[in-house]
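A look at the structure
Here is how the chains run, residue by residue.
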Amino acid sequence: MKPKSITLYDVASAAGVSYQTVSRVINDAAHVSEKTRQKVEVAMAALNYVPNRVAQQLAGKLSQTLGLVTTTLSLHAPSQIAAAVKTQAGKMQFSVVMSMLEAPGFDASKAAVQSLLSQRVDGLIVNIPLENDEVRALQTLCGDVPVLFLDVSPALAVHSTVFSPDEGAQLGVEHLLALGHQNIALLNGPQSSISARLRFEGWQHRLGLHQLEATAILEGDWSSRSGYEQVSRLLQEGSMPGALLVANDQMALGALRAFSEQGLSVPTDVSVVGYDDTEDSAFFIPPLTTIKQDFKMLGQASVNRLIELIHQPDVPPASQVLPVTLVTRKTTAVPAGKKPQAQELAKALSALAQQVAKLG
């Protein structure tokens, strides 16, 4: 049996007001007290009521407002994406209202989405890590309001715009292998992040194709402090990788400090590859080799895509996968033990060339 749709009358009954008052709140009309408005908004959130978008569109009542749900802006990636979203939306004559998660967990995610829906946004961009069942639950909550996800699996049948985790993992692993590294450790992000899990799976898959396994597996929380603490603990335990793949640049910064404090030189003693290519990574000491994710491109693409969905709501769900690139700087090099072999090979080839020349 199809569940009963929530109506204006249901909201009015729950709030203890008339349905005309609910309508005035939805349409942001004047002559509604703040106390009454809050009662109606609380009732709408409790009932998961979303104004009928088809009726609004027929009445020409698009709000020209997009909603953005995001994790903390103290991290580089979310802040850069948010800035790009606001800039691109402005170019398209849309404003952006933002809801930042106040606490971990799906209840906080749901509350953030409900808050934006109550403000009559025309569409939502959701940039928080979500499990598949949570994605479906939020999509149901949004009703006929278009929603675009930025931190979900590309394989999920929803509208999403994401970077290619497989390409990023391949570029990092193959770069280190081409230099001659085989003793490779992994510093991943938190398991609660789908992006972190996909990068980790990609790294392991790529290493496995070369019959290799990670020599150490560490987990941070995306912060520089966690990168420093995880690598410091690894070194204190007596483990010394030849190279380290890190799931973001901020943790890589902490890792560089940990290696330096132990008297280890990057890249002479250990190579490090980051992920994101933040603006600061070119100014690390030494400058960081990393996987570039273009957050400006992501912000622009997500806004353009969402606006298309607002005007064409019947487009089938699809994942837009954006490319990543390897930026080679100064934190990766041929392993120290390999250099003498390379030099000997060069000398041998030079000697052989001289012998061939004499024979000629």
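Below, the structure is looked at part by part.

Definitions and cut-offs
- Residues numbered from 1 in each chain as written.
- Predicted model: local features only at pLDDT ≥ 70, side-chain atom pairs only at ≥ 80, totals over all residues.
- Heavy atoms only, no water.
- Helix = DSSP H or I, 4+ residues; strand = E, 2+ residues; numbered from the N terminus.
- Buried < 20%, exposed > 50% of the residue type's maximum accessible area, 1.4 Å probe, protein only.
- Contact = heavy atoms within 4.5 Å.
- Salt bridge = Lys/Arg side-chain N within 4 Å of Asp/Glu carboxyl O.
- Pairing = 2+ DSSP bridges.
- Axes fitted to C-alpha atoms, helices over the stretch in contact; angles between N-to-C directions.
- Phe/Tyr/Trp six-rings, centres within 6.5 Å; stacked < 30°, edge-to-face > 60°.
- Lys NZ or Arg CZ within 6 Å of the ring centre and 35° of its normal.
- Core = buried A, V, L, I, M, F, W, Y, C linked by side-chain atoms within 4.5 Å.
- Arc of directions from axis to C-beta.
- Polar contact = N/O pair within 3.5 Å; in protein donor to acceptor, adjacent residues only side chain to side chain.
- Parallel < 35°, antiparallel > 145°, perpendicular 65-115°, else oblique.
- Left-handed = near helix turned anticlockwise from the far one by under 90°.

Looking only at helices and strands, one finds 13 helices and 12 strands in the protein. Per-residue burial over the protein gives 46% buried out of 360 residues. Intrachain contacts of the protein at a sequence separation of at least 6 include 73% that bridge at least 24 residues.

With that settled, the discussion passes to the pattern of salt bridges. Going through the model one piece at a time under the given rule, you end up with 7 salt bridges. Between Glu229 and Arg225 there is a salt bridge; the shortest N-O distance is 3.9 Å. In this pair, Glu229 and Arg225 both sit in helix α10 (residues 224-236), 4 residues apart, roughly one turn of the helix. For Glu229, a relative accessible area of 41% translates into the label partly exposed. Here Arg225 falls in the exposed class, since its relative accessible area comes to 61%. Between Arg257 and Glu261 there is a salt bridge whose closest N-O contact spans 2.8 Å.

In this section: the sheet that holds strand β8 (residues 243-246). Spatial ordering of the open sheet is given by β7-β6-β8-β9-β10-β12, a layout of 6 strands whose pairing is mixed. Taken across any chain shown, the strands that pair with only one partner, and hence form the sheet edges, are β7 (217-219) and β12 (325-327). In this sheet, neighbouring strand axes are inclined to one another by 20° on average, regardless of whether the strands run parallel or antiparallel. Pairing of strand β6 (residues 184-188) with β7 involves 3 bridges; the strand directions are parallel. When the sheet's bridge partners are listed, Leu187 is paired in β7 with Leu218. Together, β6, β8, β9 (271-276) and β10 (289-292) form the strand contacts of helix α11 (residues 249-261), whose direction differs from that of β9 by roughly 160°.

Applying the stated criterion across every chain, the model contains 1 aromatic pair. Ring geometry for Phe163 versus Phe295: centroids 6.0 Å apart, planes at 80°, classification edge-to-face. Residue Phe163 is located in strand β5 (residues 160-163), and its partner Phe295 is located in helix α12 (residues 295-311); the two are separated by 132 residues in the primary sequence. The same class applies to Phe163 and to Phe295, which are both buried. Positioned above the aromatic ring of Tyr275, the side-chain terminus of Arg199 is 4.1 Å from the ring centre. Over the ring of Tyr228 we find Arg257; its NZ or CZ atom is 4.9 Å from the centre of that ring.

The biggest cluster of nonpolar side chains holds 60 residues, and the ones touching the most others in it are Ile184, Trp203, Val231, Leu244, Leu245, Phe259 and Val272. Contact partners of Trp203, with chain neighbours within four places excluded, come to Ala169, Val173, Leu186, Leu187, Asn188, Leu245, Val246 and Ala247. Val50, Val121, Val126 and Val147 belong to the second largest nonpolar core, which has 22 residues in total.

Before going further, it helps to spend a moment on the environment of His311. Within the secondary structure, His311 sits in helix α12. In this structure the C-alpha to C-alpha distance between His311 and Asp122, which are 189 residues apart in sequence, comes to 9.9 Å.

Attention now moves to helix α7 (residues 132-142). Those residues of α7 that fall on the buried side of the exposure criterion are Val135, Leu138, Leu141 and Cys142. Viewed end-on, α7 has its buried residues packed into an arc of 125°, placing them on one side of the element. Facing away from the buried side of α7, by more than 90 degrees, are the exposed residues Asp133 and Thr140. Count one or two residues on from α7 and you reach Gly143, which has phi positive near 60°.

Looking now at the pairing of β10. Taken together, the 4 bridges between β9 and β10 define a ladder with parallel strand orientation. What sits directly across from Gly274, in β10, is Thr290. Of the pairings in the sheet, the one linking β10 to β12 comprises 3 bridges and is antiparallel in character. Pairing of Thr290 across the sheet is with Val327, part of β12.

Another aspect to go through is the side chain of Asp249. For Asp249, the position within the fold is in helix α11. From its side chain, Asp249 meets the backbone nitrogen of Asp277 in a polar contact 2.8 Å long. Setting aside anything within four residues of it in sequence, one finds Asp249 in contact with Gly274, Tyr275, Asp276, Asp277, Thr278, Ser281, Phe284, Leu288 and Thr290.

A few words on the packing of helix α1 (residues 8-15) against helix α3 (residues 34-46). Across the interface, α1 lies against α3 with an axial gap of 9 Å and an inter-helix angle of 120°. Put simply, α1 runs oblique to α3. Remark: the crossing between α1 and α3 carries right-handed chirality. Contacts between α1 and α3 involve Val11, Ala14 and Ala15 from the former and Lys39, Val40, Ala43 and Met44 from the latter.

Let us now look at unusual backbone geometry. A cis geometry characterises the amide bond from Val266 onward to Pro267, with omega recorded as 10°. Considering the arrangement of structural elements, one finds Pro267 in the loop between α11 and β9. Despite not being glycine, Gln93 has its phi angle at roughly 65°, a positive value. Position of Gln93 relative to the elements: it lies in the loop between α5 (76-91) and β2 (95-100). In the Ramachandran plot, Arg120 falls in the positive-phi region, its phi being about 60° despite a non-glycine side chain. On the accessibility criterion, Arg120 (17% relative accessible area) is buried.

Keep in mind that these numbers describe shape and distance, not what the molecule does.
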